[in-house]
Every structure is written in C-alpha cells, then in structure tokens.
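# Structural characterization, general
Listed here are the chains, written in short residue letters.
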Amino acid sequence: MKTLMRIIVAGLVVGACGPLSLYYKPGIQVTRMQSDATRCEVEALRDAPVANQIRQRPPIYFPGNRYCTGNGCYYNPGYWADGGLYSVDVNQDLRRRVLDMCMAEKGYRPISIPRCSANVASVAPRAATSTLPALSQTSCAIRYDDGSWQIVTPQAPTASE
C-alpha cells in the first residue's frame, strides 16, 4: 500500500512540474475557455462514448529449478501464471480528436507552455491568469496549489541593465 501511495504522489509531483497544456485563443477569458472546453468534452463523450473492452495478457511460464545436493539432483516443475486482465477504452483516441476538432471550430488550438524557472516564479506577482495573454518565446507558466495557474512573459534585460 505504501508503494502505491508513493507512485501516486510521484505522479502528481511530476504532473505539477510539467508544462501547462491548454486550449489557447488570445484575449479570451479563462472561464470562457474552460466552459467551451467542458461543452466540447460533453459533445465528445456523447459522440464517442466510453467503450471499455476487457483484454487478457498472455500467460507467463516460470521454468522449474534444479537443486543439487550430495545425494543427487532434484527438479521442481515449472508452472504457468495468469497474465492478468486489463481494460482498454477503444474510443479514447477518437474522443480526443472530437474534442480537439470542437475546440478548433471555436478558434482554439492546443498548446503546452513550459513551467517557469524558480527565479521567474519568485519575482512574478501572484495572480492567476484571467484572460489568455499574447504569448512569446519566453512565456512560461506558474502552477499554484489551488489548481490555478498564471502565464508570465518575462521581459528580456535591456542593454542598460
């Protein structure tokens, strides 16, 4: 159980450290983008519903072992172990494409914004982004513990600095 919790926590930490992925349309309110995304997610779920299929991994053969002592050699027989069952949502990729198409029809495009460095994050005034700004090559994102985020475009230093 402890191992499972460590894996979950590590996944959350890595996810929080990665780039911010979102649908982007400059000048749009974040709440509008989120409501458009929700509507498109519902449409995608309606058009490409979850279709789980149960699948089975192939069985695994574990060969027997040979043990030798002063009285001779002995063999433990091998055995087969079940490969296990798993489920696959066969519509997952289609649902993602339907979602992307719906958002594209509304003028959005999917983007990933890299995470800001600790230096940039420490000097940026804390304020969650409410309107999607124009982006540049230096734009980066700061994620906050409450799930909100801020897009920052650091200014390049001038020759006098």
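Refer to the structure printed above.
Per chain, the residues get numbers from 1 upward, laid out in the order the sequence is written. Two thresholds apply to this predicted model, a pLDDT of at least 70 for residue-level local features and 80 or more for giving and counting side-chain atom pairs, whereas whole-chain, interface and lining totals are computed over all residues. Hydrogens and water are ignored here; the side-chain numbers use all heavy atoms of the structure.

### Description of the overall build of the protein chain
The condition is simple: Helix and strand definitions here come from DSSP, where helices need a minimum of 4 consecutive H or I residues and strands a minimum of 2 consecutive E residues; each element is numbered from the N-terminal end. Relative accessibility thresholds used throughout: buried, under 20% of the residue-type maximum; exposed, over 50%; partly exposed, between the two (1.4 Å probe, protein chains only). Contact criterion: two residues are considered in contact whenever any of their non-hydrogen atoms come within 4.5 Å of each other. In these tables, accessible area is a Shrake-Rupley quantity obtained with a 1.4 Å probe, and a residue counts as shielded only by the protein chains included in the view.
The helix and strand tally for the protein chain stands at four helices and 10 strands. The linear arrangement of helices and strands in the protein chain, starting from the amino end, is α-β-α-β-β-β-β-β-β-α-β-α-β-β. The buried share among the 161 residues of the protein chain stands at 25%. Considering only contacts in the protein chain between residues 6 or more positions apart, those separated by 24 or more positions represent 68%. Carbon together with sulfur atoms contributes 57% to the accessible area of the protein chain, which is approximately 11800 Å² in total.

### A look at helix 3 (residues 92–105)
Let me state the cut-off plainly: By this rule, a helix spans an expected 1.5 Å times one less than how many residues it contains.
Under the 1.5 Å per step criterion, the end-to-end length of helix 3 is 20 Å for 14 residues, consistent within 8% with the ideal 20 Å. Among the structural elements, strand 1 (20–24), helix 2 (30–47) and strand 7 (85–89) are those in contact with the buried residues of helix 3. Where helix 3 ends, the next residue or the one after it, Gly 107, has phi of about 95°, a positive value.

### Examining the nonpolar core
The cut-off we apply is this: In this description, a nonpolar core means a group of buried Ala, Val, Leu, Ile, Met, Phe, Trp, Tyr and Cys residues linked to one another through side-chain atoms lying within 4.5 Å.
The biggest cluster of nonpolar side chains holds 21 residues, and the ones touching the most others in it are Leu 20, Leu 22, Met 33, Met 103, Leu 132 and Trp 149. Contributions of two or more residues to this core are made by strand 1, helix 2, helix 3, strand 8 (109–113) and strand 10 (149–152). The leading source of residues in this core is helix 2, at five residues. The next biggest cluster of nonpolar side chains, apart from the first, holds seven residues, and it includes Ala 124, Cys 140, Tyr 144 and Val 152.

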